[in-house]
Amino acid sequence: MQPILDFMAHYWWLVFPLSGVMGGWAKAWQNSTERRHQRRVELYKLRNLTLQAEQVAEAEVAMLMASHDAVNKRWLDYELDVGKLIDFPLMTDVREPLTVAFLRAKREADGLRPAAAKELTVPSRLEAYRSAVNGYEVAFSVAEREARRIKDSNFSGPERERLATARKLLRLAEDSAATPAERQAAYKRARRELDGLIVLPDATVTALEEKVAPMLDSGHAPEYPQR
């Protein structure tokens, strides 16, 4: 210890330049520490922003899927109700460009739909799905609006009479107060009336037969005269 004290006593003047050097080192160390801290903060913010972006994207996909479901439900309201299809036959008339357009848009949207919102993470796929859902919604709305505008005006007088007859017969076929034979006969004749006028989707026929099926095999139906 004494040698150190002797040295400091003889070379006390070195304290000033050494203190400057030490101060510089201390300042450099402090700046380095602050820069490391700043980098950690920036990295934390970046990770947070990335996580938020992923969450926002997933939420957007979920919203698009909900919009997709809403349009599908609007179509299902027609597909499962033969009465609505009789009232607005354009909705299943594939000779109509507007009907073809919405069915094509539906197929495209269904094809791009992910199984779950979290599975759609590629920006280009998200953009394609967004465009498809929007196109499907617009195409369906246009077709529906036109179908409600023209109703059955594209049919001749005798054809409209057949549609009206089919509508009445289907109500009878679904009437639980009618006898099994009456319901069975009404259902069969309604199908004959619609034949060649409206193409019923498979889902429509299935839904209709599920309502009438309990009675279709019961008893013998009285025969209505053929048209």
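The structure we're discussing is the one just above.
In this text, all values refer to a predicted model and were calculated from it rather than measured experimentally. (Residues numbered from 1 in each chain as written. Predicted model: local features only at pLDDT ≥ 70, side-chain atom pairs only at ≥ 80, totals over all residues. Heavy atoms only, no water.)

Undergrad: Can you explain helix 5 (residues 123-150)? Please cite residues and give values.
TA: In this model, helix 5 (28 residues) spans 41 Å end to end at C-alpha, consistent with the 40 Å of a helix rising 1.5 Å per residue. Taken together, the buried positions of helix 5 are occupied by Leu-126, Tyr-129, Ala-132, Val-133, Tyr-136, Ala-139, Phe-140, Ala-143, Glu-144, Ala-147 and Ile-150. One or two positions beyond helix 5, positive phi appears at Lys-151, with a value near 50°. (Helix = DSSP H or I, 4+ residues; strand = E, 2+ residues; numbered from the N terminus. Expected span 1.5 Å × (residues − 1). Buried < 20%, exposed > 50% of the residue type's maximum accessible area, 1.4 Å probe, protein only.)

Undergrad: I'd like a description of the nonpolar core, backed by residues and values.
TA: In terms of nonpolar packing, the biggest core is built from 35 residues, with Ile-86, Met-91, Phe-102 and Leu-194 touching the most fellow members. Top contributing element to this core by residue count: helix 5, with seven residues. Dropping the residues within four chain positions of it, Ile-86 is found in contact with Leu-163, Ala-166, Arg-167, Leu-170, Leu-194 and Ile-198. Among the nonpolar cores identified, the runner-up in size contains eight residues, and Leu-64, Met-65, Leu-120 and Leu-126 belong to it. (Core = buried A, V, L, I, M, F, W, Y, C linked by side-chain atoms within 4.5 Å. Contact = heavy atoms within 4.5 Å.)

Undergrad: Tell me about the layout of surface pockets, and please be specific about residues and values.
TA: Empty pockets left among the atoms are what a rolling probe the size of a water molecule brings to light. For the largest pocket, the calculated volume is near 250 Å³. What lines the largest pocket is a set of 16 residues, and nearest its centre among them are Asp-93, Arg-95, Phe-155, Leu-197 and Ile-198. Each residue belonging to the lining of the largest pocket can be placed in one class, and the counts come to eight nonpolar, three polar and five charged. (1 Å grid on protein atoms, 1.4 Å probe; cavity = no way out; pocket = protein on both sides within 12 Å on 5 of 7 lines; lining within 4 Å. Points joined across faces, edges and corners; volume = space filled by probe spheres on them. Nonpolar A, V, L, I, M, F, W, Y, C, P; charged D, E, K, R; others polar.)

Undergrad: Mind laying out the packing of aromatic side chains, listing which residues take part and the relevant values?
TA: Applying the stated criterion across every chain, the model contains four aromatic pairs. Seen from their ring centres, Phe-102 and Phe-140 are 5.2 Å apart, and the 90° between their planes marks the pair as edge-to-face. Highlighted residues: Phe-102 in helix 4 (residues 97-112) and Phe-140 in helix 5, separated in sequence by 38 residues. The lysine or arginine in question, Lys-84, covers the ring of Tyr-78, its NZ or CZ lying 4.2 Å from the ring centre. The ring of Phe-88 carries Arg-148 above its face, with NZ or CZ at 4.7 Å from the centroid. (Phe/Tyr/Trp six-rings, centres within 6.5 Å; stacked < 30°, edge-to-face > 60°. Lys NZ or Arg CZ within 6 Å of the ring centre and 35° of its normal.)

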